[in-house]
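Descriptive structure summary
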Amino acid sequence: MGSTLIKGVQIVNEGTITPGSVLIEGEVIKEILPPNTHIEADHVISGGGLYLLPGIIDDHVHFRDPGLTHKANMATESRAAAAGGVTTIFDMPNCKPTTTTLQALEDKYQHASECCLVNYSFYLGADSENLRLIESLDPSVNCGIKLFMGSSTGNMLLSDPKMLDALFRCTPMPIAAHCEETPIIDRNMQYWTDRLGCEPPVQYHPQIRSAEACYESSAKAVELASAAGAHLHVLHITTAKELSLFEDGPVQGKKITAEACPAHLFFTDKDYAVQGTKIKCNPAVKSVTDRDSLRSQLSVDGRIDVIGTDHAPHLLSEKQGGCKSAASGMPLLPYSVPSMMTLVNEGVMSMTDLVQKMCHNPAILFGIKERGFIRPGYKADLTLVSTRPQIGNAKNNFCGWNPFEGYQLGGTVHYTWVNGQLAFADGTIDSSVRGERVLFSR
């Protein structure tokens, strides 16, 4: 691959924004240089004062491969990732067949090596029959365990208290949990169905998958994990009340951590009137108060540790219906960085906050080797971005739609490097690029 000099940029890294240049040699960052340093390289990119970030690490995507590839697949969605500034993804197990066996897990790794444009790791899904497999899983080459404590897409619910306790005690790996209390959801669904005499329309989604359902399940997960000394990572926090379960401060050393997603940082229950089922996801988009409470925790030491997209493509035809029948999930990867830069422009967070939550903290939390920072010797996973606004465009998703269509977003991704390879350059994807399996230090 030779050498690449990215010159004249604002380097956003480890709490600072510093003018300079970065030299890539092969797959790794060779040197960080002060401004106006003259050095020879095979390729030179003039940054023009744009922001150079570590490549985004997204701990939460659904690439639909295998078995659901009519919606999307590993090839299409890894390209969407690169376009959004994302260089590493952790993919979820609720595909068909579910990733609950070692063979299914290895099959995904093999497939990714053949077609995935960005770096990758895959969660093994927990179920009632595979605790011994979880105990044997190698933590140096796998990102973690996915636990559904609430029913959602894929029918992988695990709710028995004894099984949950055993799970939390059987692995040192992060347990990434979807927390909603299914009996509360079922009760709410029955109440509104009886009252309305029909399937509740999507406006009732936050009343059915309610704040109570989220808090009760998250609190139970925190209690069980704390008792077992496990590392619990609660995904897609949606409510102000849940924030009380987590601690302020740096992610380093935390055993109980929290993720927030763009859907819940942007939209509120007032948006159902216009967006309808396009913003239907599990857990549900909730109130303005909930959204603003989540936003208040996006500073470096806030209670939200990580921002992941929960990228979940569906065909638009599958999004038709109400609270029960419309598919839940949104395709968000192409706007991973631009959506968060919108919050930077609004003063909700800073550029250094963005890098902390989307690059540094995922690397620290999961123990990722040599990624997530701009450091000599680290893999050259980088993205060059500007504050140039852009309008969300449905054509940027394989499935043909996204909830940001028509929204003015506060940033643009210009270049994305994956292990020193230029995967995305001002709208053009290099489909020959291949990511690598992520390694971990634990």
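Everything in this summary refers to the structure shown in the same document. (Residues numbered from 1 in each chain as written. Predicted model: local features only at pLDDT ≥ 70, side-chain atom pairs only at ≥ 80, totals over all residues. Heavy atoms only, no water.)

1. As for the state of the cysteines
Covalently bonding the sulfur atom of one cysteine to the sulfur atom of another cysteine gives a disulfide. To keep things clear, this is the line we draw: Note that a disulfide, as used here, is simply two cysteine sulfur atoms within 2.5 Å.
All told, the structure shown has 0 disulfides when counted by the stated rule. Cys179 forms no disulfide, and the closest cysteine sulfur to it belongs to Cys214, at a distance of 8.7 Å. For the unlinked cysteine Cys198, the closest cysteine sulfur is that of Cys323, found at 9.9 Å.

2. Observations concerning the packing of helix α11 (residues 336-345) against helix α12 (residues 351-366)
Each pair of packed helices gets described by two things: the angle between the helix axes and the distance between those axes. Definition in use: Here, axes are lines fitted to C-alpha atoms. For helices the fit covers the stretch in contact, and angles between N-to-C directions go from 0 to 180 degrees. By definition, any uninterrupted DSSP run of H or I lasting at least four residues is a helix, any uninterrupted run of E lasting at least two residues is a strand, and each is numbered from the N terminus. An angle counts as roughly parallel when it lies under 35 degrees, as roughly antiparallel when it exceeds 145, as roughly perpendicular when it falls between 65 and 115, and as oblique in every other case. Here a crossing is taken to be left-handed if its near helix is turned anticlockwise relative to the far helix by less than a right angle, and right-handed if that turn runs clockwise. We call two residues in contact when some of their heavy atoms are within 4.5 Å. Side-chain classes follow a simple rule in which Ala, Val, Leu, Ile, Met, Phe, Trp, Tyr, Cys and Pro form the nonpolar group, Asp, Glu, Lys and Arg form the charged group, and the remainder, Gly included, forms the polar group.
For the pair α11 and α12, the least separation of the axes is 9 Å and the interaxial angle reads 140°. Classified by the interaxial angle, the pair formed by α11 and α12 is oblique. Crossing geometry of α11 relative to α12 is assigned as right-handed. Each of Ser336, Met340, Met341 and Val344 in α11 lies in contact with α12, whose residues at this interface are Met351, Leu354 and Met358. Here the residues of the contact of α11 with α12 sort into 6 nonpolar, 1 polar and no charged.

3. With respect to the environment of Phe398
Residue position: Phe398 is located in the loop between β16 (390-391) and β17 (408-409). Between the C-alpha atom of Phe398 and that of His314, which follows or precedes it by 84 residues, the distance is 9.5 Å. Sequence-distant contacts of Phe398, that is, excluding residues within four places in its chain, are made with His70, Lys71, Ala72, Thr76 and Glu77.

4. A few points about the pairing of strand β5 (residues 51-54)
Under the convention used in this document: Only strands joined by at least two bridges in the DSSP assignment are considered to pair.
Sheet topology note: the strand β1 (residues 3-13)/β5 ladder contains 2 bridges and is parallel. Its bridge partner being in β5, Ile11 is matched across the sheet by Leu52. Taken together, the 4 bridges between β5 and strand β15 (residues 382-386) define a ladder with antiparallel strand orientation. Bridge pairing links Leu53 to Thr383 in β15.

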